[in-house]
Amino acid sequence: RVVETILDKKMEVILQEELLAPLRLKDIYFQVDSTLAQRVSNGHKRNEPTEKRIIPQPMVSFSMNTEAKAFSKFMLALSNNKGLKPETYAQLFTVNSTRSDGTHWGLGFRLEDTKYGRSYGHSGSTGKGFISNYTYYPELDMGFVVFTNSQLGGMLCLPILTDFLINGNQ
């Protein structure tokens, strides 16, 4: 809401002008429209489908609806430093806070020091049975995006994919 007030524009306009149009991103939604309403899927908790739910107005911190391919395009743009000034990228990936478990946070990204150098990423989950994770290792130029519609998806996201895709274990 602060950004909307400062720029005197609605969030959906800001997102279109500043992110979606410049990076030619499609299938990323922050509000309900007819395409999203047709595509939304059920989540799953305890092996049962949950009701379909779409946040009616943009709430940037939690209302993004997308699919893995579109989100991957966004993450590839970030990994190639597209769309933002170099100093903005530096701010995104500078440690701003550290949780009690030692996890560092930049501006919206989890920053972890690994044996492959620093990785960055973000994860999300809902009470409706959706789990997502994005992790990128700049020094390897490798990463992954996983979206699941099951509360059990977290078991796949980090440990298994990291071990298989990044460590090369079978």
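What you see as residue numbers is a count from 1 along each chain, following the sequence as written. Local features are withheld for residues below a pLDDT of 70 in this predicted model, meaning they are given only at 70 or higher, and side-chain atom pairs are given and counted only at 80 or more; totals for whole chains, interfaces and linings count all residues. With hydrogens and water stripped out, all remaining heavy atoms of the structure feed into the side-chain values.

**A look at the pattern of salt bridges**
- Only one rule defines a salt bridge in this text: a Lys or Arg side-chain nitrogen within 4 Å of an Asp or Glu carboxyl oxygen. Across all of its chains, the model carries 6 salt bridges by this definition.
- Among the salt bridges present, the one from Arg-99 reaches Asp-101, with a minimum N-O distance of 2.7 Å.

**Some words on the side chain of Thr-135**
- Going along the chain from the N terminus, every DSSP run of H or I of four or more residues is numbered as a helix, and every run of E of two or more is numbered as a strand. The topology assignment puts Thr-135 in strand S9 (residues 131-137).
- Polar contacts involving the side chain of Thr-135 include one to the side chain of Asn-133, which spans 2.9 Å. Polar contact is defined as a pair of N or O atoms within 3.5 Å, subject to the rule that within protein one atom must be able to donate a hydrogen and the other to accept it, and that residues adjacent in sequence are counted only when both atoms are side-chain atoms.

**Focus: a nonpolar patch on the surface**
- The patches described consist of residues with a relative accessible area above 30% and no salt bridge, like charges being joined within 9 Å and nonpolar side chains (Val, Leu, Ile, Met, Phe, Trp, Tyr) within 5 Å. Residue exposure ignores everything except the shown protein chains as possible cover, and the areas themselves are Shrake-Rupley values with a 1.4 Å probe. Together, Val-2, Val-3, Ile-6 and Leu-7 make up a nonpolar patch on the protein surface, roughly 390 Å² of accessible area in all.
- Considering the arrangement of structural elements, one finds Val-3 in helix H1 (residues 2-7).
- Exposure categories follow from relative accessible area, calculated using a 1.4 Å probe and restricted to protein chains: below 20% of the type maximum is buried, above 50% is exposed, and the middle band is partly exposed. For Val-3, a relative accessible area of 40% gives the class partly exposed.

**Quick notes on the pairing of S9**
- Burial within S9 is extensive, with 6 of its 7 residues counted as buried.
- Hairpin geometry of strand S8 (residues 117-125) and S9 is characterised by an intervening segment of 5 residues between the two adjacent antiparallel strands and by a positive phi of about 90 degrees at Gly-129.
- Strands qualify as paired when DSSP identifies two bridges or more between them. Sheet topology places S9 next to strand S10 (residues 142-148); 7 bridges connect them, and they run antiparallel. Directly across from Ile-131, in S10, lies its bridge partner Thr-148.

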